[in-house]
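If you want the building blocks of each chain, they are given just below.
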Amino acid sequence: MAGASRQLTPGLAGPVLIELATKVSETIRAHQLMDKEDRVLVALSGGADSTALALILNHAGYEIVLGHVDHGMRPDSEQDFGLCSSFAERLEVPISYERLDPAPGTEEEARDARYEALEQMAESNGCAGIAVGHTFDDQAETVLMRKRRGGLALGMPYRRGRVVRPILGLKRAETEAVCREAGVQYLTDPTNAEDRYTRNRVRKELTHVDEETIKGLVEEGARNFERVAGTAALVESFLAEHVRETETMRVVNRPSLLELEPSLRRQVMRALLGEFGAQGTRQLFEDIESKAVATGVELNFAPGLSIWTEGDDLVVGELPQKAVLPDLEIPAGQAVLSEPWGLSITADYLPAPSSFGQDPLTEYVQLPRTDSNLTLRQWGPGDSFHPLGAPGRKKLHDFFIDERVPRRKRDRVPIITSKDGIVWVVGLRIDEKFKVADRSAPTLRLRAAWLSAPLL
């Protein structure tokens, strides 16, 4: 059975349309939904709400294009377009049409496919916005449905992206009155009577409650939406101020994150995960809170994506691939250049200076000339040394943590070694046993220079 239509007496725009067009124009201005210069796509199902929306916007002077999406979920649903097309002719406005193929299997799939089709129609018609016909009654139904599901009873916003809801303040009785006054047909979807759909059951339930109850639901939804919108603004502000972005990761200042209330901290992490297409489970967010944020334990939240800490930073994104760089022999008295490392190293024997400068890329060490064969290499998991000035030996892994060297950069920290172990962690520290203790003994000056931007 096709959508049932009501044949109404033709008539010109009357006081109902004029009054509601004024009311909707005020709503549009108050919520900054669209400009008079904008072309707007009106999502036209053929029902009273979307038909009234088109009548109102057209009367208010907006340039509209109608867009009808046939879900293909009824055998004769194509007939609905005939009525919509006739309506477009009467308004003398263009109409776009798309039939979904294959037909969606669920209401949720139908909604997603419908909005995708409307977005494409808007693009092809040069429309700045997409106006949909949700009303005050739809708002009450939505809030009650969300309450029944145990979630936050949020109302629908007047705007989401370029989708706008100009008649969200009108009641369904008002949209039907506009259609009657204008003398246009509108469709009544036969599936609206089927109790297998949650919204239909809620709609029937609300026909038996008073106006104050319905108004209360809408006001509750509006309050909750404002609260959520306020939280979203705080999250956006935090991300802008405390998050650094690269193509593969987001770097968050962890002390700043810990200053947030736990609920807001969770929303920040939800937003960060969302940037990588991940939603996260309740357990994941609990683990992030108790492990990654608090203690720095690495967590994997999706294939190839992780959360880990680097000093005061919490990093979300792709774990860096280990850089594989060649070992390089460093003969005394020569300058050695390595393009893979992006580095040049010079080792020269000369008299010990009377004082040592502060250049982190120049160090003086004492090595017998017979032990002057040095090697530049990457660090390894078992590496340890005695950092100059420290009380004893330390694993290089722990030293990197203390020096706040990001994990993603550690593979590119040059390590210069002799046969007796690590001599210099370039740019950071020499080993205690190679310090200049005897100014009369052979002293080796090591100088490094980055060929491009410095690593640390």
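(A) Quick look at helix α11 (residues 282-295). Its 14 residues give α11 an end-to-end C-alpha distance of 19 Å, which sits within 8% of 20 Å, the value for a rise of 1.5 Å per residue. Where α11 bends most, the angle comes to about 40 degrees, and this point is Ile288. Restricting attention to buried positions, one finds in α11 the residues Leu284, Phe285, Asp287, Ile288, Ala292 and Val293. Considering only its buried residues, α11 is in contact with α9 (254-258), α10 (262-274), β11 (299-302), β12 (305-310) and β13 (313-318).

(B) Spatial organisation of the pattern of salt bridges. Under the defined criterion, the tally for this structure stands at 22 salt bridges. Where Asp431 meets Lys433, a salt bridge forms, and the shortest distance between an N and an O atom there is 3.9 Å. Lys433 sits in the partly exposed class, given a relative accessible area of 46%. For Glu432, the salt bridge goes to Lys435, with nearest N and O atoms at 2.8 Å.

(C) Main features of the environment of Thr417. Counting through the fold element by element, Thr417 comes out in strand β21 (residues 415-418). For Thr417 and Leu376, which are 41 residues apart along the polypeptide, the C-alpha to C-alpha distance reads 6.5 Å. Residues contacting Thr417, with those up to four places away along its chain left out, are Asn373, Leu374, Thr375, Arg377, Ile422 and Val423.

(D) Structural view of unusual backbone geometry. Cis peptide bonds are those with omega within 30 degrees of zero, and the linkage from Asp101 to Pro102 qualifies with 5 degrees. Structurally, the position occupied by Pro102 is in the loop between β4 (95-99) and α4 (107-124). Not every positive phi belongs to a glycine, and Gln32 is a case in point at roughly 50 degrees. Here Gln32 lies in the loop between α1 (15-30) and β2 (39-43). Residue Gln32 is classed as exposed on the basis of its relative accessible area, which comes to 65%. The backbone of Glu92 sits at a positive phi, close to 60 degrees, despite the residue not being glycine. Assignment of secondary structure puts Glu92 in the loop between α3 (79-91) and β4.

(E) Quick peek at the confidence of the model for the protein chain. When pLDDT is averaged along the protein chain, the result is 86, and 93% of the positions lie at 70 or above. A low-confidence stretch, residues 1-11 (pLDDT under 50), is modelled with 38 contacts involving residues beyond four sequence positions or located in other chains.

(F) Region of interest: empty space enclosed by the protein. Enumeration according to the criterion identifies one cavity of 30 Å³ or more in this entry. Empty space within the largest cavity amounts to approximately 40 Å³. In this structure, the largest cavity is lined by Leu44, Gly46, Thr51, Leu83, Cys84, Phe87 and Gln185. Per element, the largest residue contribution to the lining of the largest cavity is three residues, and it comes from α3. Here the residues of the lining of the largest cavity sort into four nonpolar, three polar and no charged.

(G) Highlighting the packing of aromatic side chains. Within this structure, the stated rule accounts for five aromatic pairs. Between Phe81 and Tyr97, the aromatic rings sit 4.3 Å apart at their centres with planes inclined by 35 degrees, giving tilted as the arrangement. Residue Phe81 is located in helix α3, and its partner Tyr97 is located in strand β4; the two are separated by 16 residues in the primary sequence. By relative accessible area, Phe81 is classed as partly exposed at 22%. On the basis of an interplanar angle of 50 degrees and a centroid distance of 5.5 Å, the ring pair of Phe356 and Tyr364 is categorised as tilted. Through a chain of ring-to-ring contacts, three or more aromatic side chains come together here, namely Trp379, Phe385, Phe399 and Phe400. Over the face of the ring belonging to Tyr62 we find Lys36, whose NZ or CZ atom lies 5.1 Å from the ring centre.

(H) Inspection of the pairing of strand β10 (residues 249-253) at higher detail. The buried count for β10 comes to four of five residues, which makes it a mostly enclosed element. Relative to β10, strand β9 (residues 243-245) runs antiparallel, the two being bridged by three bridges. Paired with Glu245 across the two strands is Arg250, which belongs to β10. Between β9 and β10, which pair antiparallel and follow one another directly, the connecting turn spans three residues. Summarising the sheet, β10 and β13 pair through five bridges and their orientation is antiparallel. Directly across from Val252, in β13, lies its bridge partner Leu314.

(I) Structural context of the environment of Ala117. Relative to the helices and strands, Ala117 is located in helix α4. Residue class for Ala117 comes out buried when judged on its relative accessible area of 2%. Sequence spacing of Ala117 and Arg99 is 18 residues, and the spatial spacing of their C-alpha atoms is 9.1 Å. Once residues within four sequence positions are removed from consideration, Ala117 is found in contact with Val69, Glu98 and Leu100.

(J) Spatial organisation of the sheet that holds strand β24 (residues 443-450). Here we have four strands laid out as an open sheet, ordered β15-β16-β24-β17, and antiparallel in their pairing. In the strand order of this sheet, the two ends are held by β15 (334-338) and β17 (362-366), each with one partner. Taken pair by pair, the neighbouring strands of this sheet meet at an average axis angle of 20 degrees, ignoring direction. In terms of strand pairing, strand β16 (residues 343-350) meets β24 through eight bridges, oriented antiparallel. Note on β24: the bridge partner recorded for Ile345 is Ala448.

Cut-offs and rules
Residues numbered from 1 in each chain as written. Predicted model: local features only at pLDDT ≥ 70, side-chain atom pairs only at ≥ 80, totals over all residues. Heavy atoms only, no water. Helix = DSSP H or I, 4+ residues; strand = E, 2+ residues; numbered from the N terminus. Expected span 1.5 Å × (residues − 1). Bend = angle between axes of the 7 residues up to and from the residue. Buried < 20%, exposed > 50% of the residue type's maximum accessible area, 1.4 Å probe, protein only. Contact = heavy atoms within 4.5 Å. Salt bridge = Lys/Arg side-chain N within 4 Å of Asp/Glu carboxyl O. pLDDT = per-residue confidence, 0-100. 1 Å grid on protein atoms, 1.4 Å probe; cavity = no way out; pocket = protein on both sides within 12 Å on 5 of 7 lines; lining within 4 Å. Points joined across faces, edges and corners; volume = space filled by probe spheres on them. Nonpolar A, V, L, I, M, F, W, Y, C, P; charged D, E, K, R; others polar. Phe/Tyr/Trp six-rings, centres within 6.5 Å; stacked < 30°, edge-to-face > 60°. Lys NZ or Arg CZ within 6 Å of the ring centre and 35° of its normal. Pairing = 2+ DSSP bridges. Axes fitted to C-alpha atoms, helices over the stretch in contact; angles between N-to-C directions.

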